[in-house]
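Structural overview for review
Here is how the chains run, residue by residue.
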Amino acid sequence: MAKLKTSAAEMVAAARARIREIETPDLIAMVDDPEVVIVDIRDVRERQRTGFIPGSVHAPRGMVEFWVDPESPYFKEVFGQDKTYVFHCASGWRSALTVATLQDMGFDAAHLREGFSTWEAQGGPLERAEDK
């Protein structure tokens with residue numbers, strides 16, 4: 001296989017250099033803020049397996065750009081509000097790339113730097129599918 005021009009790790013580093021990153025304790029403090037929308041871009045199976053942040057919006061990674069674009073037939077109203085959006089994945093890699101892309105589109109957002117991986121250990125509230 002030919003060597004890639006840019007590795008995934010390099011893409012993530014470049015994205016992180018130009019986006020806003022939120023630390024886990026800071027997002028834990030924002031969980032109940034009605035002006036903050038926490039967006040989980042993990043696969044539905046990840047959410048089922050490890051739980052999720054209560055009140056978070058699930059937006060599959062492959063649909064995010066379409067869901068935030070008011071001109072897209074897939075636009076979701078939750079992204080049309082004047083609120084603070086914080087995206088997260090498991091480790092912060094996918095959400096960094098997502099937020100960089102959204103920033104390029106003109107959509108203001110931040111991401112959870114360490115992802116969901118440290119959420120529970122740092123005291124973040126957790127909900128599981130069976131809790132519903």
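Use the structure listed above.
Residues numbered from 1 in each chain as written. Predicted model: local features only at pLDDT ≥ 70, side-chain atom pairs only at ≥ 80, totals over all residues. Heavy atoms only, no water.

**Some points on the overall build of the chain**
Looking only at helices and strands, the chain has five helices and five strands in total. The order of α-helices and β-strands along the chain, N terminus first, is α-β-α-β-α-β-α-β-α-β. In terms of overall dimensions, the chain is globule-like: its C-alpha atoms have a radius of gyration of 15 Å, near the 14 Å expected for 132 residues. A total of 132 residues make up the chain; the buried ones form 39% of that total. Sequence separation of at least 24 residues holds for 63% of the intrachain contacts in the chain that already meet a minimum separation of 6. For the chain, the exposed area adds up to about 7500 Å²; of that, 53% sits on carbon and sulfur atoms. (Helix = DSSP H or I, 4+ residues; strand = E, 2+ residues; numbered from the N terminus. Rg over C-alpha atoms; globule rule 2.2 N^0.38 Å. Buried < 20%, exposed > 50% of the residue type's maximum accessible area, 1.4 Å probe, protein only. Contact = heavy atoms within 4.5 Å. Areas by Shrake-Rupley, 256 points an atom, 1.4 Å probe, with all protein chains shown as cover.)

**Regarding the pattern of salt bridges**
One pass over the full model with this rule turns up ten salt bridges. What you see here is one network of salt bridges that share partners, running through E23, R113 and E114. (Salt bridge = Lys/Arg side-chain N within 4 Å of Asp/Glu carboxyl O.)

**A few points about the sheet that holds strand β2 (residues 36-40)**
Taken in spatial order, the five strands line up as β1-β5-β4-β2-β3 in an open sheet, and their pairing is parallel. At either end of the open sheet lies a strand with only one pairing partner, and these are β1 (20-22) and β3 (57-58). Pairing geometry for β1 and strand β5 (residues 110-112), over three bridges, is parallel. Considered in β5, the bridge of I22 is made with L112. (Pairing = 2+ DSSP bridges.)

**Looking at the side chain of S95**
Within the secondary structure layout, S95 lies in helix α5 (residues 93-105). Judged by its relative accessible area of 0%, S95 falls in the buried class. Other than its neighbours up to four places away in sequence, S95 contacts I41, F87, H88, C89, H111 and L112.

**Some words on the pairing of β2**
Within β2, five of the five residues are buried, which leaves the element mostly enclosed by the surrounding structure. Relative to strand β4 (residues 84-88), β2 runs parallel, the two being bridged by five bridges. Counted as the bridge partner of V36 is T84 from β4. Sheet analysis places β2 next to β3, joined by two bridges and oriented parallel. Across the sheet, the residue bridging to V39 is V57, located in β3. With helix α3 (residues 44-50) bridging β2 and the parallel β3, this β-α-β connection has right-handed handedness. (Right-handed = clockwise from strand over helix to strand, strands pointing away.)

**What about a negative patch on the surface?**
Taken together, the side chains of D32, D33, E35 and D82 make up a negatively charged region of the molecular surface. Note on placement: D33 falls in the loop between α2 (24-30) and β2. (Patch = residues over 30% accessible without salt bridge, like charges linked within 9 Å, V, L, I, M, F, W, Y side chains within 5 Å. Lys, Arg positive; Asp, Glu negative; His and termini not counted. Charge placed at Lys NZ, Arg CZ, Asp CG, Glu CD.)

**Focus: the pairing of β4**
On a regular strand, one side chain projects to one face of the sheet and the next to the other, so that they alternate. The element β4 is largely enclosed, with a buried count of four among its five residues. A crossover connection joins β4 to the parallel β5 through α5; in handedness this β-α-β unit is right-handed.

**Points about the packing of aromatic side chains**
Following the criterion strictly, the structure yields five aromatic pairs and no others. Through successive ring pairs, a cluster of aromatic residues spans F79, Y85, F87 and F107. (Phe/Tyr/Trp six-rings, centres within 6.5 Å; stacked < 30°, edge-to-face > 60°.)

**So, the packing of helix α1 (residues 8-16) against α5**
One can describe the packing of α1 onto α5 by two numbers: an axis separation of 9 Å at closest approach and a directional angle of 55°. Here α5 runs oblique to α1, going by the angle between their axes. For the pair α1 and α5, the crossing hand works out as left-handed. Together, A8, A9, M11, V12, A15 and R16 of α1 and W93, A96, L97 and A100 of α5 make up the contact between the two elements. When grouped by side-chain class, the residues that make up the contact of α1 with α5 number nine nonpolar, no polar and one charged. (Axes fitted to C-alpha atoms, helices over the stretch in contact; angles between N-to-C directions. Parallel < 35°, antiparallel > 145°, perpendicular 65-115°, else oblique. Left-handed = near helix turned anticlockwise from the far one by under 90°. Nonpolar A, V, L, I, M, F, W, Y, C, P; charged D, E, K, R; others polar.)

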